[in-house]
Structure formats: C-alpha cells, structure tokens
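Secondary and tertiary structure notes
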Amino acid sequence: MTVTVDTTSGGPVKSSPTAFREVSASRKFRNEAARVTFALCFVLGVIPLVWLLWTVISEGAPALTDPNWWFGNAYGVDTTTQFGAGISQAIIGTLIQALIATVISVPIAVMTGIMLVEYPTSPLVKPVSFMVDILAGVPSIVATLFIFTVFVIGLSMGQSAFMVSLALILLMIPIVVRSTEEMLKLVPDELREASYALGISKWRTIVKVVLPTAMSGMLSGIFLAIARIMGETAPVLILAGPASSQVQTNPFDGGMNSLPLFIKDMWSAAQPASGFYYWGAALTLIIIIAVLNLIAAMTAKFLAPKTK
Amino acid sequence: MSVDDTTGVGRSRAGKHSSGSAPTPTPEQDPNRTPDDRELEEQLHPGLQSSRGQMGDRVFSYLAQGTGLLVIILIAGIGVSLLIDAIPAITENNANFLFSSDWNTSGQAFADGTASFGVWELFRATILTSFFALFLATPVAIGIAVFLVEYAPSSISRPLAAVIDLLAAVPSIIFGLWGIYVLAPVISPFAVWLNDTFGWFFLFSSGKTSITGGGTIFTAGIVLAIMMLPIITSITREVLRQTPSGHKEAAQALGATKWEVIRMTAFPYSRSGMIAASMLALGRALGETIALMIILSAAVGQLKWSLFEGGDTFASKIARDVGEFVGSEASAGAYIAAGLVLFVLTFVVNAIARVIAGGKVNG
C-alpha cells in the first residue's frame, strides 16, 4: 500500500550500493504539500456542512421544543409577533404532496427503467435514455413553469397541491429511472437465464426474479428521491397558491401549506417572530429528510438479497 | 408506432437478455410476424411454448415501451409548451428580447402595448453567479475526491464520502437562509477588503448593491459553490476509482511519489470525467432558484458585471415575481420566455457534459 520509494531509508537499500537515490527534498516537499492540500480540501468541504447544521439546529431548537409545534397549527396565531404556532399543516401538506408524486411517478419510472434494461433491443431505448438525461437536467423552476403553462393557464385548473405534485413528478422520474436502471443492471444474467431455462416467460422472470432481487436497491433509491423532492421550493412557490394556516388535506383545493412554502412565507414576512418559525421549519424539514435517508440506508442494508 | 416492430422482428434478433427468453408469441397469434420469423421460431423452439406467458409477455413489453414513450412525449411537451406560451409575449415585446435589460411586464403594460423586456440582465447575473461558483467549487471538489479515493484509509473513506454527500441532501432554501443570515455577515469584511483593494478591476468594482448587506453575487456564488461540491465530488470519485491500477503501479515502480502517481496517472485518466462533472454541476447552478432568490438583492435596470452587484438570475427572477404573473396570462408569457432561455442554456450545458463524458459518467 505505501509507496515503494518512501522506504528507501530502510535497510536493504542502504546496505548495498545501488542505482536508487533518495527522493530529492523538493519532490518530498511537493508530495507532502499535496497530501496536506487534499486533506484541507476535505476540511473545507466539511466546514460549511457542520456550520449550516449547527445554525439550523441551534436556531430551530426553540421552535421544536415548543409543545404545540408538531401537532398544532398556525390558525388564530399571529405569526408576525406571537411564538407558539404549530406547523402540522405544513408537515401534512409536504407529506401529501410527496405521497401523490411518489404514487404516480414510481410506476412510470420503474417501468421505464425496466424498459431500458430488460428490452435493450427496443428502438425506444436510445431516445428514452436521452430524454431522461435531459429531464434530469431540467431546473425545477422550468418544470414548474411547464405545469403552470399547461395545467394552470392552459387547462385553467387553478393553483392547488395537486399541481405541485405534478411538478414534483417531473423532478422525481429521472432520479428513480436512473436508480432503477442501476439496480436492474446489477442483477446477474445467470438468474434470468436460469429462469428462462425453467420455461418461465420473460415478464414473469422480470416480475418474479429480477424485480425481487433488485427491490432493496430500488426502494432505497425511491426513498432518496422522495427526500430530494420534499425540499423543492420552486413548485410550491408558483403552483400551490396562498397557504392556509389550517390543515388542508384535499390536494385539489388551494391553500395546502408545505414546509418549504412555510419557510419562504415566514422569510418574506421578515417580522420579529419570523426567524423562530423559518429556522424551526428548516430544522423540521432536515429531520424529515434525514429520516428518509436513514430509511433508504436501512432498506439497502437489511432487505438486500442474501448473497450466499 | 415502432413498438410493434420490437415484438415482431426485434425479438428474434434479440440481444443479451432476450436471446435466452424462449416464449415468444406463436405464429398464429402474431399478425406482424413474417414467414421468415415463423420458420426461425419453429427451428429454435419446436413446441416449447408456454401458453400463459405469451399474452403476458406482449402486454408487459407494450406497457414498458408505452411508459418509455410517455416519458419522451412528456419532455418534448415541456419544450413545445414553453415555446407556444412564450411566443405571444415576445411578439408584443417592445424591447430586444436578448439584449435589453428592461423588465416591464405587468399585465397593465401588456394591455397598453408598452410591455418591454429583455433577458440580458438575467443572463449577466446567471452567468456571474454560476461561473464564480464553478471557479470556487471545482478545485475544492476535485481535492476532496482525491483525498477520499487516494488518501483516506479505506475503512473510513465511505463514511467520509457520505458526509460530503449530506450537503446534497440539504434543501436549497435552507442554504439560502444560512447564506444570507449567517455566512454573509462573516464574509462581508473580506468582500469589503477585496472591493477596496481591487476595486479598479471590473469584477470587484462597487455597484448599486450594498456590499456589507451581503445580497451580492459574491455571497450567492460562494453558497452555490458549496451546493455544487457534492455533485462534482461524487462524479469525480467515480472516475478516479476507474483509473487502471496498472498505470498506478507502473508509476510507483518507476519511483514516483504518491503525488506524482496521482498527477501522472489518475489526473490524465479522469480529466474528461472531471470536466463533465463540473459541467453537470454548472447545469444545476444555472437553474438554482430559491437560494439565490433569498440571497440576491433585486435591482432595476442594467447592473455592472461585478461580483459585488446583486440582480436576479433567470430562475430567481421567475420565483421572485410570482405575484405578477400568476394573475396575468400576458405577463406570464414574458416569464415563460425567460424560462425557455434557461431551459435552452441548461440543455446545452448538460449536452456538452455528456458528450465530454462519453458515457463514463452517470449523474
């Protein structure tokens, strides 16, 4: 593992005169300088993360320790000056919007992933793969504008949580397609061939052999995708409409609040109590995302097919 | 359309996976089958058809390819619908759409026929923030990747990489809040010093925006750079790992120090991957919305090409002015036109990234 030249000061080289020479001082220095520089880069990357997390935790803690925070709502509380409103309306809204987006995008994305891996001769593979790459690069604000032009303006459907979910679907599909694709590619061909040799049809092979084998990785990818879309602010900003301070559960009505929207509203209010709320909501959002990441890691670890 | 093709002709000439799949539609059931195909089918699988699988196979294949088609239509729809909705606004525009810095797009202005808007100012802010961020992030991110792949002990390399990846999990709105309320006050003395010392250079000159207030491209670029780090790092890590160990061992055998090994083998090998990683991160930065909206202080008219100016990027402008265009279809057209330009920009950057990477990168 260690670089061979570093050991020239050791025994064998000294004892017999050879063509080997000591590494010159300047090369040694540059080697050390490089090592230190790379380590510093890492430290430089960790500093903002720790700093940011510390800020959010210390600023958000007062809100989260408020007994009303998780289950109460902001109805009747003047959030400009009063502390103590709850944000269950935003938490529930975020969960509903993410759930709708997940339910619709996962089947589409998984089927697309299956097509890309299991039907490699289809003429659609190249165009679809290309389009998924493009979709992955589409900024969330552009996806949002698309939903806005087609549904809100074009079909005059008005702003609602469902519109937000539609935009989130566009953001979620490429992430899930790519993770599904990765996981399906990891399934060894021997498994498929064994299944075919038993006379099992292709679709049953996919459903009963390939998908179960890839399931843990796919689920983990889906949870990561949900975590990614939950913090998206552009869609809720444009598509959700004015947020209510009460719990709204009908996605087709306007007024459903969500964590990013709540943070944004509190930030633009810029009142004495605003900081309490937006840092609190930020910490809540980070906790939810952390839990989803944890679930993703656990599924990947504990549901993984046994390799034996 | 071409879906029929695959089940018929494509299947019998199938590649890796499908070659093993015996059950294909019987000649009687498949009208698309040519006589040649039928013959071939008979030779390959005489009487080895499971009757239950056939229908299922075809349905499943149609289903899979149908969803693929749906995805294609969906994305083509984004471009087309943005274009269609942008055209009326652009035709009513009284200014040069690309090179004007006006932004007079209220519903009233459209009704009066005095609407005038151009994306030049948005373009300035977008390019300055994202390239400044790219300039800061690329060396650090590559350094982190090298550290993780080459220097960190293999037992802790994975957890350390996960720490950097955590940065990608933080929602951008939180980066925005942190950037303007926590980071900006801390870096403002440095910004003031840069401005005092190098103010003669256009990038560091003073403009209309308060430097101590922090709502500058300087602050925004640093925050964007932090958001870019995990993207560039994770892709660079992947390509560095692919460096053939033979190259490294050859360099070691020639007596190269560790740094020389990295410089002479890993860097040349992964250069294209690193460039592609930066381009993908750039594509992400161009469309970053809410963090920049929170950090940048908006201003009217043409601003200087300086890091110490504020302004709005394409994305932050659209987000900031929601109130204006949600009620008015006419003014929405102007913002959609701006969104279309952003779409084209990110498309070009991402396309270049993928061409450079040549399939090596999956991001």
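Residues numbered from 1 in each chain as written. Chains lettered and ligands numbered in written order. Predicted model: local features only at pLDDT ≥ 70, side-chain atom pairs only at ≥ 80, totals over all residues.

1. Quick word on the nonpolar core
- Grouped together as the largest cluster of nonpolar side chains are 200 residues, with contacts concentrated most on A:Ala281, A:Ala282, B:Met228 and B:Leu229.
- Element by element, the count of residues in this core is highest for helix H6 (residues 161-186) of chain A, at 17 residues.
- For B:Leu229, the residues in contact, after removing those within four places along its chain, are A:Gly45, B:Ala137, B:Val140, B:Ala141, B:Ile144, B:Ile164 and B:Leu167. (Core = buried A, V, L, I, M, F, W, Y, C linked by C-beta atoms within 7 Å. Buried ≥ 20, exposed ≤ 12 C-beta atoms within 10 Å, placed from the backbone. Helix = DSSP H or I, 4+ residues; strand = E, 2+ residues; numbered from the N terminus. Contact = placed C-beta atoms within 7 Å.)

2. Quick look at the interface of chain A and chain B
- In this assembly, 79 residues from chain A lie in contact with 80 residues from chain B.
- At 18 residues, the largest contribution of residues to the side of chain A that touches chain B is made by helix H2 (residues 25-64) of chain A.
- A class-by-class count of the residues in the side of chain A that touches chain B yields 51 nonpolar, 16 polar and twelve charged. (Nonpolar A, V, L, I, M, F, W, Y, C, P; charged D, E, K, R; others polar.)

3. Here we look at the environment of A:Ile153
- Relative to the assigned elements, A:Ile153 resides in helix H5 (residues 140-154).
- The residues contacting A:Ile153, other than those within four sequence positions of it, are A:Phe148, B:Asp85, B:Glu329 and B:Ala332.

4. Some words on the UniProt feature "transmembrane region" (unreviewed entry) in chain A
All names here are of chain A.
- Per the UniProt record, the feature "transmembrane region" (unreviewed entry) sits at residues 36-57, 90-116, 128-153, 159-177, 209-230 and 276-304.
- Helix makes up 100% of residues 90-116 and strand 0%, with an end-to-end C-alpha separation of 37 Å.
- Secondary structure across residues 128-153 comprises 92% helix and 0% strand; the distance between its end C-alpha atoms is 28 Å. (UniProt positions renumbered as here; feature names shortened; annotations may be inferred.)

5. Considering the confidence of the model for chain A
- Chain-level pLDDT for chain A is 84 on average; 92% of the residues reach the 70-or-more range.
- Low pLDDT (under 50) marks residues 1-13 of chain A, which in the prediction has 14 contacts with non-local residues, meaning those over four places away or in another chain. (pLDDT = per-residue confidence, 0-100.)

6. A look at the UniProt feature "transmembrane region" (unreviewed entry) in chain B
- Those places that UniProt annotates as "transmembrane region" (unreviewed entry) correspond, in this numbering, to residues 59-84, 127-149, 161-191, 211-232, 273-300 and 334-357 of chain B.
- End C-alpha to end C-alpha, residues 273-300 of chain B measures 40 Å, and it is 71% helix and 0% strand.

7. Overview of the UniProt feature "domain: ABC transmembrane type-1" (unreviewed entry) in chain A
- The feature "domain: ABC transmembrane type-1" (unreviewed entry), as given by UniProt, occupies residues 91-300 of chain A in the numbering adopted here.
- End-to-end, the C-alpha atoms of residues 91-300 of chain A are 26 Å apart, and along that stretch the chain is 78% helix and 0% strand.

8. Comments concerning helix H4 (residues 125-137) of chain A
- With 13 residues, H4(A) ought to run about 18 Å at 1.5 Å a step, and its terminal C-alpha atoms sit 19 Å apart, in line with that.
- If you check which residues of H4(A) are buried, you get A:Val128, A:Met131, A:Val132, A:Ile134, A:Leu135 and A:Gly137. (Expected span 1.5 Å × (residues − 1).)

9. Some details on the UniProt feature "domain: ABC transmembrane type-1" (unreviewed entry) in chain B
- UniProt records the feature "domain: ABC transmembrane type-1" (unreviewed entry) for residues 123-353 of chain B in the present numbering.
- For residues 123-353 of chain B, the helix share is 77%, the strand share is 0%, and the end-to-end C-alpha distance is 20 Å.

10. Structural notes on unusual backbone geometry
- Non-glycine residue A:Ala270 carries a positive phi angle of around 50°.
- With respect to the secondary-structure elements, A:Ala270 resides in the loop between helix H10 (259-269) and helix H11 (274-302).

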